[in-house]
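Structure at a glance
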Amino acid sequence: NDAIKIFEKIIKIQPNFYFAYHNMGNVLKDLSRLDEAKTYYQKCIKINPNYIQAYISLGKILLDLHKLDESAIVFKQALKLEPENGELHRHLSQVIKYEQTSTHVKDMEEIISNVNATHSQQMHLSFALGKAYEDMKLYNKAFSHWEKGNFLKRKEIKYSTKYQAKLVKVVKDNFTKDLFEKFKNYGNQDKTLIFIVGMPRSGTTLVQQILSSHPKAFGAGESNQFSNKINEYFFTQNGSLKENLYNYDPMNFNKIGENYIKNMRQLSEDTKHIIVKDLLNFTWLGFIKLIFPDAKIVHCVRNPLDTCVSLFKNCFVGGVDFSYDLIELGEYYNLYRDVMLFWDNILPNYYVSVYYEELIKDPKTQTKRILDACDLDWNEDCMKFYNNKNFMSTGSNSINIHKPLYKTSMQYWKYYEKQLQPLIDILRA
């Protein structure tokens, strides 16, 4: 909200400073004010029709608003300015349903096969072509493109399974039943928050959409604020705890909670519940318990191989660095499974687990379970979650979340069983 005031001043002083309009759009998107964000991106393009990032932002927000045809038009406009921009082709691929006759595939194949194609072009186009060939049911071809895209993406990032394993060990060594007993009367007593945890692509966005369709709940979308605070207050840069949690001043738990709630309330001032989804929070359930003892937790679970394939198919903005190599993906999944078994033992009945497959097969019963666990009464709108306009995107699943439930994503991994053997071996181990 402070940022909005500053951008308003900048725009008043320099009404043609296109960059301020784009950043204003970004802030409004973070505040879930999608229609207003769209208007600012459009103003930005009007002032500077060559600013490619504004087209990407506008196209993505139209995708969130489920205006797929309009989104495709925006990406195509941008491609007229930069016909070989791999990122634009990748975004366009998300909003197109490909058939054998799609000319866009030929365009992308021409660019990627050029000897002068850059690392970035090849990476983005590989993910895009994987999507295209999967639409055409050419699964072997699709997977070979994803393999290349993931290989190139992995080269760009720093990631270490050892570091993740160290964090899990720190958690298991420090969060004891005695620790929770010692601090049971502390923490922030606010009952606002519902944390959705689980592996990315395990149904977390779907569950958030169902919950945020309830009139008493607001979906804050993807937010890494909580995990950022955990890292800031409790961890050193090398992944060790700053101090023994037993010696921690419990009043600080309350202060951290107050500050976090204040930030979240900027998104919605008056709803009973705010729903928070953060990729890393399953590791931090102990911290949630210490800081917000009355928060509700919904844990999303899906078939491990379907989850992992869905990750491997996608190029993410950030935070999912473990997903670009099948071995690392399997190792990360095993760490996730390990830490959740630990929480089951240390904090029994602390959260409700929702199984994606059960939710698809029997949505009414499972939706009622979720609402009961979150202390929300039954509301029919939750069954029509696909009409919910308050949606915060987490990528290409923006398209799927506007549809009624479908079963085609179950046992999806079997199309790629042969190629997934290294991952299957790790998960079995």
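Use the structure listed above.
Residues numbered from 1 in each chain as written. Predicted model: local features only at pLDDT ≥ 70, side-chain atom pairs only at ≥ 80, totals over all residues. Heavy atoms only, no water.

1. A closer look at the side chain of Ser71
Mapping Ser71 onto the fold places it in helix 5 (residues 68-81). Leaving out residues up to four positions away in the same chain, Ser71 has contacts with Gly59, Leu62, Leu63 and Val95. (Helix = DSSP H or I, 4+ residues; strand = E, 2+ residues; numbered from the N terminus. Contact = heavy atoms within 4.5 Å.)

2. A closer look at helix 13 (residues 225-234)
When we look at burial in helix 13, the residues that qualify are Phe226, Ser227, Lys229, Ile230 and Phe234. End-on, the buried residues of helix 13 take up no more than an arc of 155°, which puts them together on one face. (Buried < 20%, exposed > 50% of the residue type's maximum accessible area, 1.4 Å probe, protein only. Arc of directions from axis to C-beta.)

3. Observations concerning the packing of aromatic side chains
According to the stated counting rule, one finds 38 aromatic pairs in the structure shown. Look at Phe17 and Phe19: their rings are 6.4 Å apart centre to centre, the planes differ by 50°, and that puts the pair in the tilted class. Linked through ring pairs, Phe175, Phe180, Phe183, Tyr186, Phe234, Phe235, Tyr248, Phe253, Trp284, Phe287, Phe342 and Trp343 together constitute an aromatic cluster. Above the plane of the ring of Tyr40 lies Lys43, whose end atom (NZ or CZ) is 4.8 Å from the centre. Of note, Arg302 hangs over the ring of Tyr356, and the distance from its end group to the ring centre comes to 4.7 Å. (Phe/Tyr/Trp six-rings, centres within 6.5 Å; stacked < 30°, edge-to-face > 60°. Lys NZ or Arg CZ within 6 Å of the ring centre and 35° of its normal.)

4. Thoughts on the pattern of salt bridges
Taken as a whole and assessed by the stated rule, the structure comprises 14 salt bridges. In this structure, the salt-bridge partner of Glu328 is Arg154, at a minimum N-O distance of 2.8 Å. Taken together, the residues span a long stretch of sequence, with Glu328 in helix 17 (residues 326-346) and Arg154 in helix 9 (residues 139-156) at a distance of 174 residues. A single burial state applies to Glu328 and to Arg154, both of which are buried. (Salt bridge = Lys/Arg side-chain N within 4 Å of Asp/Glu carboxyl O.)

5. Some details on the sheet that holds strand 5 (residues 352-355)
Strands sit in the order 2-3-1-4-5 across an open sheet of five strands; the sheet is parallel. Two strands bound the open sheet, and with one partner strand each, they are strand 2 (217-222) and strand 5. Across this sheet, the average inter-strand angle for adjacent strands is 25°, counted without regard to direction. For strand 4 (residues 296-301) and strand 5, the ladder comprises four bridges, and the chain directions are parallel. Following the sheet pairing, Val298 is matched in strand 5 by Val352. (Pairing = 2+ DSSP bridges. Axes fitted to C-alpha atoms, helices over the stretch in contact; angles between N-to-C directions.)

6. Let's talk about empty space enclosed by the protein
Over the atoms rolls a probe the size of a water molecule, and in doing so it shows where empty space is left. Following the criterion strictly, the structure yields two cavities of 30 Å³ or more and no others. If you add up the space inside the largest cavity, you get close to 60 Å³. Along its surface, the largest cavity is lined by Gln164, Leu167, Val168, Phe282, Thr283, Tyr332, Leu335 and Tyr336. Breaking the lining of the largest cavity down by element, the ones donating at least two residues are helix 10 (161-174) and helix 17. Residues of the lining of the largest cavity, tallied by class, amount to six nonpolar, two polar and no charged. Of the voids in this model, the second largest cavity is the one considered here, and its volume is about 30 Å³. Every residue along the wall of the second largest cavity is listed here: Ile196, Val197, Gly198, Met199, Pro200, Thr204, Glu222, Lys277, Asp278 and Leu279. (1 Å grid on protein atoms, 1.4 Å probe; cavity = no way out; pocket = protein on both sides within 12 Å on 5 of 7 lines; lining within 4 Å. Points joined across faces, edges and corners; volume = space filled by probe spheres on them. Nonpolar A, V, L, I, M, F, W, Y, C, P; charged D, E, K, R; others polar.)

7. Description of the pairing of strand 3 (residues 273-277)
Summarising burial for strand 3: five of the five residues are buried, a large majority. Side-chain alternation along strand 3 places His273, Ile275 and Lys277 on one buried face and Ile274 and Val276 on a second face that is also buried. As paired elements, strand 2 and strand 3 share four bridges and run parallel to each other. If you follow Gly219 over to strand 3, its bridge partner there is Ile275.

8. Remarks on unusual backbone geometry
Unusually for a residue other than glycine, His66 sits at a positive phi of about 60°. With respect to the helices and strands, the residue His66 is situated in the loop between helix 4 (52-64) and helix 5. Unlike most non-glycine residues, Arg201 shows phi in positive territory, near 70°. Along the chain, Arg201 turns up in the loop between strand 1 (193-198) and helix 12 (204-212). Taking the relative accessible area as the measure of exposure, Arg201 reaches 15% and is therefore buried.

9. Looking at the layout of surface pockets
One number sums up the size of the second largest pocket: a volume of about 200 Å³. Listed by contribution, the elements that provide at least two residues to the lining of the second largest pocket are strand 4, helix 17 and strand 5. By residue number, the principal contributor to the lining of the second largest pocket is helix 17, which donates six residues. Broken down by class, the residue content of the lining of the second largest pocket amounts to eight nonpolar, two polar and two charged.

Geometric descriptors of this kind do not, in isolation, establish any biological role.
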